[in-house]
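Structural features, examined
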Amino acid sequence: MTSLPTPVLLAATALAFLAVIALWKLLLTAGGIGLGLWLTVHATADNPGVQFVVFAIAGLAVATALRRLSSPSHRPALFGHHTRSRAHASQGAVR
């Protein structure tokens, strides 16, 4: 096994420490969800239906959070003022 130089280990440790400080809420939430899932799986080892529902709910929560993070903050309206004003603006530019 090769050993890393001390400055590299110190830098990696400092970066890991800063990541934990910056992401402590996310890590705490993920740890709580993981603990809840682990407890549920062990408590309902003989009931796969309950396990499926628990994992499905957790998966939906993660998918919703990822979708909110990945979508732009400004969403165009499907109906109403924004769609009409864009249509009128594009027609005015063509004339």
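Model, not experiment: these values are computed from the prediction. (Residues numbered from 1 in each chain as written. Predicted model: local features only at pLDDT ≥ 70, side-chain atom pairs only at ≥ 80, totals over all residues. Heavy atoms only, no water.)

At their nearest, the axes of helix 2 (residues 24–43) and helix 3 (residues 48–70) sit 10 Å apart, and the two run at 170° to each other. When the interaxial angle is binned, helix 2 and helix 3 end up roughly antiparallel. Between helix 2, through Leu37, Thr40 and Val41, and helix 3, the contact on the second element is made entirely by Gln51, Val54, Phe55 and Ala58. For the contact of helix 2 with helix 3, the class distribution of residues is five nonpolar, two polar and no charged. (Axes fitted to C-alpha atoms, helices over the stretch in contact; angles between N-to-C directions. Helix = DSSP H or I, 4+ residues; strand = E, 2+ residues; numbered from the N terminus. Parallel < 35°, antiparallel > 145°, perpendicular 65-115°, else oblique. Contact = heavy atoms within 4.5 Å. Nonpolar A, V, L, I, M, F, W, Y, C, P; charged D, E, K, R; others polar.)

Moving on: the layout of surface pockets. Of the voids in this model, the largest pocket is the one considered here, and its volume is about 210 Å³. Where the lining of the largest pocket is concerned, the elements lending two or more residues are helix 2 and helix 3. Of all the elements, helix 3 adds the most residues to the lining of the largest pocket, at five residues. Residue classes in the lining of the largest pocket are distributed as eight nonpolar, one polar and no charged. (1 Å grid on protein atoms, 1.4 Å probe; cavity = no way out; pocket = protein on both sides within 12 Å on 5 of 7 lines; lining within 4 Å. Points joined across faces, edges and corners; volume = space filled by probe spheres on them.)

Before going further, it helps to examine the environment of Gly34. As for its position among the elements, Gly34 is in helix 2. You can call Gly34 partly exposed: its relative accessible area is 36%. Measuring from C-alpha to C-alpha, the distance between Gly34 and Ala58 comes to 9.5 Å, with 24 residues separating the pair along the chain. (Buried < 20%, exposed > 50% of the residue type's maximum accessible area, 1.4 Å probe, protein only.)

The next thing to look at is the confidence of the model for the protein. Looking at the protein, the pLDDT average stands at 80 and 73% of residues meet or exceed 70. Of all the helices and strands in the protein, helix 4 (residues 81–94) carries the lowest mean pLDDT, 56, while helix 1 (residues 6–22) carries the highest, 92. (pLDDT = per-residue confidence, 0-100.)

Our next topic: the side chain of Gln51. Topologically, Gln51 is positioned in helix 3. Residue contacts for Gln51: discarding those within four places in its chain leaves Val41, Thr44 and Ala45.

Turning next to the environment of Leu37. Along the chain, the position of Leu37 falls in helix 2. For the pair Leu37 and Gln51, spaced 14 residues apart in sequence, the C-alpha to C-alpha distance is 8.5 Å. Ignoring any residue separated from it by four or fewer positions in sequence, one finds Leu37 in contact with Val54, Phe55 and Ala58.

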